[in-house]
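So the chains spell out like this:
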Amino acid sequence: MKKRVFVKTFAALAAAAALGSAHAQTTPIKFQLDWRFEGPSALFLTPVAKGYFKDAKLDVTVDAGNGSGGTVTRVASGAYDLGFADLAALMEFHANNPDAPNKPVAIMMVYNDTPASVMALKKSGIKTPADLNGKKLGAPVFDAGRRAFPIFAKANNVSGVQWTSMDPPLRETMLMRGDVDAITGFTFTSLLNLEARGAKAEDVVILPYPQYGVKLYGNAIIATPKILKENPAAVKAFLAAIAKGAKDVIADPAASIAYVKARDGIINTELETRRLKLAIDTVINSPNARAEGFGQVNGPRLSLMASQVSDAFNTKTRVNPDAVWNASFLPSKAELDVLPKK
């Protein structure tokens, strides 16, 4: 009897030890998005839903955000291990906080081109950047397009613009009401928001920054130096799972929206599918992305962006491109081959 109890007890202890060992091998990672759960969130929710992170022994939590600036700050504070943020916002943080001990680093480019554009209604008469001279533009003060507008203005000789600030939900409403002549914003966000407020796509004039001389990168995955130093294997496994998920999302955007819907049940599936497809076509599978490769950057282009951000954002110190980017955690070339061939 005693022997049987001992065997059972030993087996239970062994099972508990094995379970503890399994848990010990799983690395928890907190990931912060740049914005709420929308179509492009599928890039990060797909590897969660399909178990790609789990297969890599990662326990990944994906949280919504409220702007790239906030994401950079939260990763810098250590509240999040990794995040998704506009590279210009990361550069600005570096240059304005030269003595900060834990400045995040970009480790994978996702939006190879900035999604920012100037948008106006055709009835305004605005057709080209030159038509913006002396006009009233609107955007939240932290909007990526507004922050980078001096670069757009310099490239297109635009001057005399007056800015009106508002909260994000009011941006497209104020354009529709005629309170402003044009707005800046991410194309795949503001265009669909304008349509939701009654505008027809053919009645919206879009001046995408990349098509008008602004070669800025868009959003990248950023990481706290702590996790890069303490668990490089987990970071590499995370990026490999992201690449695997991205390939699925690009191949079938409509199917991947189900994973976004699972996280936020009130989203409009049709609308977010369109938003995701727009994001893929304009900034993820763009000509620049195909030329440089998914996840990667071009050195001279990165240096040019660092210089432009330093000037446009009037930073305390100049942005050092080598300090904001680290490609050493990227997956293999084969794993990064996620973009469809033309």
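So, a few notes on the structure that sits alongside this text. (Residues numbered from 1 in each chain as written. Predicted model: local features only at pLDDT ≥ 70, side-chain atom pairs only at ≥ 80, totals over all residues. Heavy atoms only, no water.)

**Quick notes on the nonpolar core**
Item 1. Membership of the largest hydrophobic core comes to 96 residues, with the highest contact counts inside it found for F31, L132, I221 and F238.
Item 2. Among the elements that make up this core, the one with the highest residue count is helix α11 (residues 232-251) (10 residues).
Item 3. Discounting residues that sit within four places of it in the chain, F31 has contacts with F44, V60, T61, V62, D63, Y80, L82, G83, F84, I221 and F238.
Item 4. Within the second largest apolar cluster, nine residues are counted, among which are M119, L121, L175 and L194. (Core = buried A, V, L, I, M, F, W, Y, C linked by side-chain atoms within 4.5 Å. Buried < 20%, exposed > 50% of the residue type's maximum accessible area, 1.4 Å probe, protein only. Helix = DSSP H or I, 4+ residues; strand = E, 2+ residues; numbered from the N terminus. Contact = heavy atoms within 4.5 Å.)

**What about empty space enclosed by the protein?**
Item 1. In total, this model carries one cavity of 30 Å³ or more according to the counting rule given.
Item 2. The space that makes up the largest cavity amounts to roughly 30 Å³.
Item 3. Along its surface, the largest cavity is lined by D86, A88, T114, A116, A144, A148, L216 and Y217.
Item 4. Its residues assigned to classes, the lining of the largest cavity comprises six nonpolar, one polar and one charged. (1 Å grid on protein atoms, 1.4 Å probe; cavity = no way out; pocket = protein on both sides within 12 Å on 5 of 7 lines; lining within 4 Å. Points joined across faces, edges and corners; volume = space filled by probe spheres on them. Nonpolar A, V, L, I, M, F, W, Y, C, P; charged D, E, K, R; others polar.)

**Concerning the packing of aromatic side chains**
Item 1. Across all of its chains, the model carries 11 aromatic pairs by this definition.
Item 2. Aromatic ring contacts, followed pair by pair, group F31, F44, F53, F84, Y111, F186, F188 and F238 into a single cluster. (Phe/Tyr/Trp six-rings, centres within 6.5 Å; stacked < 30°, edge-to-face > 60°.)

**Side note on the sheet that holds strand β4 (residues 105-109)**
The strands that make up a sheet are held in pairs by hydrogen bonds between backbone atoms, and each pair lies either parallel or antiparallel.
Item 1. Strand order in the open sheet formed by five strands is β2-β1-β3-β10-β4, with mixed pairing between adjacent strands. Edge positions in the sheet fall to β2 (58-63) and β4, since each has one partner strand and no second. In this sheet, adjacent strand axes meet at a mean angle of 30° when their direction is disregarded.
Item 2. Bridge analysis of strand β3 (residues 82-86) against strand β10 (residues 219-223) gives five bridges, and the strand direction is antiparallel. Within the sheet, the bridge partner assigned to G83 lies in β10 and is I222. (Pairing = 2+ DSSP bridges. Axes fitted to C-alpha atoms, helices over the stretch in contact; angles between N-to-C directions.)

**Concerning the pairing of strand β9 (residues 204-208)**
Item 1. Across the five residues of β9, four count as buried, placing the element largely inside the fold.
Item 2. Judged from the five bridges that link them, strand β5 (residues 116-121) and β9 form a sheet pairing that is antiparallel. Paired with V118 across the two strands is L207, which belongs to β9.

**Let's talk about the pattern of salt bridges**
Item 1. For the structure shown, the criterion picks out 13 salt bridges.
Item 2. R171 serves as the salt-bridge partner of E172, at 3.4 Å between the closest nitrogen and oxygen.
Item 3. Its salt-bridge partner being R177, residue D179 comes within 2.8 Å of it at the nearest N-O pair.
Item 4. Using a relative accessible area of 30% as the deciding quantity, one classes D179 as partly exposed. (Salt bridge = Lys/Arg side-chain N within 4 Å of Asp/Glu carboxyl O.)

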